[in-house]
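Observations on the three-dimensional arrangement
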Amino acid sequence: MKLYTAEEMSRADGRAQDLGIPGGVLMERAGAAMAQVALERFSPNRALIVCGGGNNGGDGFVIARELHRAGVEVAVLATKDEYGGDPAINLEALRNLEVRLVRVEEVEAELDRADLVVDALLGTGFSGEVREKEAGIIEKINGAGVSVLAVDVPSGVDGGTGEVAGAAVFADVTVCAHAAKVGCVISPGAEHAGETLVVEIGIPPEADSEPSLLWTDGASLRGSIPRTSAPAHKYSAGALMVVAGSRAMTGAAVMSVRGAERAGCGITFLATSAGAAPAVDIALTETIVYGVEEGEFGGMSPGAADEILGRSERATALVIGPGIGTGEEGRRLVEAILAGTDLPVLLDADAVTSLAGTDALARREGPTVITPHAGELGRLLGSGAKEVSARRLHSSRQAAHDYGCCVLLKGSDTIVVEGGKTSVNSTGSVALATAGTGDVLSGVIGALLSRGMQPYEAARAGAWIHGRAAELWLRETGWPAESMVATDLFDHVPRAMGELL
Ligand SMILES: NC(=O)C1=CN([C@@H]2O[C@H](COP(=O)(O)OP(=O)(O)OC[C@H]3O[C@@H](n4cnc5c(N)ncnc54)[C@H](O)[C@@H]3O)[C@@H](O)[C@H]2O)[C@@H](O)CC1
Ligand SMILES: [K+]
């Protein structure tokens, strides 16, 4: 699937027109294809089509004509007094066909009768906060409990970022013209979009340009995972040092290491606190477990950094963070390890939190991936979880820029950013919203780093594999998503990876 920002879409649209394809033809094809989706998905009897003043509204007029032709009882709200261009032509056709045009005061009554609302109020031409009049209409649509098909992007969602500054339509299905709009796949816009579909509208490939955001699907990764070829030994297949766990959190260390093993590491080492080591050792048959100097709160002490660095001599990458704790000792430990190695490092969870307010990340030159969720990134940026959740694309790009590292921002729409590159992950399930899955992810990406993948590609592939493993578990068990536990992923990580080879 291709992802376009609003700007990229209007560029393709403009180029298509320069090539001689009239805008009205594109609008006709968009509207006709979207009406087809409306008929197939919703089989409506009475539809209300809400049309704004721009080309999104123009698409809506075409949809209204097509639904009318198919025998649906159609009512159209046109919010602008005077239309121009293609929308005006399509509105005129509705008038000639005597399709019922309703006033904004009649919307509530129409919503009571309708079994489908087509939201063609605002599309890619919108950003910021919707004006009062449109906000009122959006709230009525959301309050009506009627199925909603959104045209191109749910009205009120910024098509280029997924940000929602005020009122925004909640759709069941969003049908995008030509390419999926970024706003439909990044939260909170993604939650407004519901299921996102793309329809062809006749824009030729000659009008396309390289998208600034990559949709991480299987095809974009196939062949990118390195294979181990003969002659091979356990070190040539990737050697990962995981620095994880504390007395209170032994599971995090186990999850991370097991994830790494299943993602193809030749050998894994674990450094954990001396108190946690015996229990962890039993759970990790194949791993070399080092119980290192323990600090005050059952975590590793900063004094353990030298030993950990020494033990990492044969490692090809490090994972630092799962379950290490966030106090002053944790911070000093992480800083000391980072200062002592140029190996590729993945920093997860507590390690990311620990580094808030320090320059350890910005100073570091070795390849670095951080894998925070919104709360951890909020602490790192000094903004907060709410601010990060509201502006996920912006926040992950800011962190990647400020810290000069690869940022993987976890979520149902996991975003990976490095330098000028940005991608959005396509796999996953709500099943992953359970304790320990983040630890597994850190291990999977750590293994890929240890096997020689570059940070951005390793993070993209790790996120895809992790999400795909959850999908495979759901498919295989048929169990409710809520019943998944993180350890369920281990058996499915190899199968997910297999799909990429
Ligand atoms: N030939 C074309 O031009 C094509 C256009 N397409 C459609 O056209 C859309 C883009 O059209 P436009 O660029 O005309 O833009 P939109 O139709 O998305 O938005 C413009 C309208 O929104 C209003 N608006 C802007 N900011 C607002 C705010 N804060 N509060 C309330 N109203 C606000 C403007 O007054 C204007 O009426 C796409 O999303 C897509 O649906 C596609 O069908 C492809 C072809
Ligand atoms: K819309």
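Basis of the calculations
Residues numbered from 1 in each chain as written. Chains lettered and ligands numbered in written order. Predicted model: local features only at pLDDT ≥ 70, side-chain atom pairs only at ≥ 80, totals over all residues. Heavy atoms only, no water. UniProt positions renumbered as here; feature names shortened; annotations may be inferred. Pairing = 2+ DSSP bridges. Helix = DSSP H or I, 4+ residues; strand = E, 2+ residues; numbered from the N terminus. Axes fitted to C-alpha atoms, helices over the stretch in contact; angles between N-to-C directions. Domains from an automatic or database assignment. Buried area = accessible area lost by both parts, 1.4 Å probe. Salt bridge = Lys/Arg side-chain N within 4 Å of Asp/Glu carboxyl O. Polar contact = N/O pair within 3.5 Å; in protein donor to acceptor, adjacent residues only side chain to side chain. Nonpolar A, V, L, I, M, F, W, Y, C, P; charged D, E, K, R; others polar. Contact = heavy atoms within 4.5 Å. Near = heavy atom within 4 Å. Areas by Shrake-Rupley, 256 points an atom, 1.4 Å probe, with all protein chains shown as cover. 1 Å grid on protein atoms, 1.4 Å probe; cavity = no way out; pocket = protein on both sides within 12 Å on 5 of 7 lines; lining within 4 Å. Sits in = over half its atoms within 2 Å of the grid points.

Going by an unreviewed UniProt entry, the protein chain carries the name Bifunctional NAD(P)H-hydrate repair enzyme and comes from Rubrobacter tropicus. Listed in UniProt under the heading Subunit (unreviewed entry), the comment for the protein chain reads: "Homotetramer."

Overview of the sheet that holds strand S4 (residues 100-102)
Ordered in space as S4-S3-S2-S5-S6-S7-S9, the seven strands form an open sheet in which the pairing is parallel. A single partner strand is all that each edge strand has here, and the edge strands are S4 and strand S9 (195-199). Neighbour to neighbour, the strand axes of the sheet diverge by 25° on average, direction disregarded. Sheet topology note: the strand S5 (residues 116-120)/strand S6 (residues 147-151) ladder contains four bridges and is parallel.

A few points about the domain arrangement of the protein chain
Taken domain by domain, the protein chain holds domain 1 (3-215) and domain 2 (229-498). Distance between the C-alpha centres of domain 1 and domain 2: 41 Å. Interface area for domain 1 against domain 2, summed over the two sides, is near 1100 Å², with a carbon-plus-sulfur share of 57%. Three residues stand out in domain 1 for area buried against domain 2, namely Glu163, Leu214 and Trp215, and they jointly supply 44% of the buried area on that side. Applying the counting rule to domain 1 against domain 2 returns one salt bridge. Here Glu163 ties to Arg391 by a salt bridge, and the two come within 3.4 Å at their closest N and O atoms. On inspection of domain 1 and its partner domain 2, the count reaches four residue pairs in polar contact (both at pLDDT 80 or more). Here the element with the most residues in the side of domain 1 that touches domain 2 is strand S10 (residues 213-216); it accounts for three residues. Among the residues forming the side of domain 1 that touches domain 2, the class breakdown is eight nonpolar, four polar and two charged.

Notes on the environment of Gly462
Within the secondary structure layout, Gly462 lies in helix H18 (residues 455-477). Taking the C-alpha atoms as reference points, Gly462 and Val440, 22 residues apart in sequence, are found 9.8 Å from one another. Not counting chain neighbours up to four residues away, the residues in contact with Gly462 comprise Leu441, Val444, Ile445 and Leu448.

Quick look at the sheet that holds strand S14 (residues 317-320)
A sheet is described by the order of its strands in space; here 10 strands give the open sequence S10-S19-S18-S17-S16-S15-S14-S11-S12-S13, paired in mixed fashion. If you trace the sheet from one side to the other, it starts and ends with S10 and strand S13 (288-292), each paired once. Taking each pair of neighbouring strands and ignoring which way they run, the sheet shows an average axis angle of 15°. Across two bridges, strand S16 (residues 368-371) lies against strand S17 (residues 406-409) in parallel orientation.

A look at the site of ligand 1
Every one of the 21 residues lining ligand 1 counts as a neighbour, but Asn55, Asn56, Asp59, Gly123 and Asp152 are closest to it. Asn56 places a polar side-chain atom, nitrogen or oxygen, 2.8 Å from an oxygen atom of ligand 1. Taking 870 Å² as the accessible area of ligand 1 by itself, protein coverage stands at 80%. The cavity where ligand 1 resides is the second largest pocket. Mapped onto the shell around ligand 1, the elements with two or more residues apiece are helix H1 (6-18), helix H2 (23-42) and helix H3 (55-69). In terms of residue class, the shell around ligand 1 is made up of six nonpolar, nine polar and six charged.

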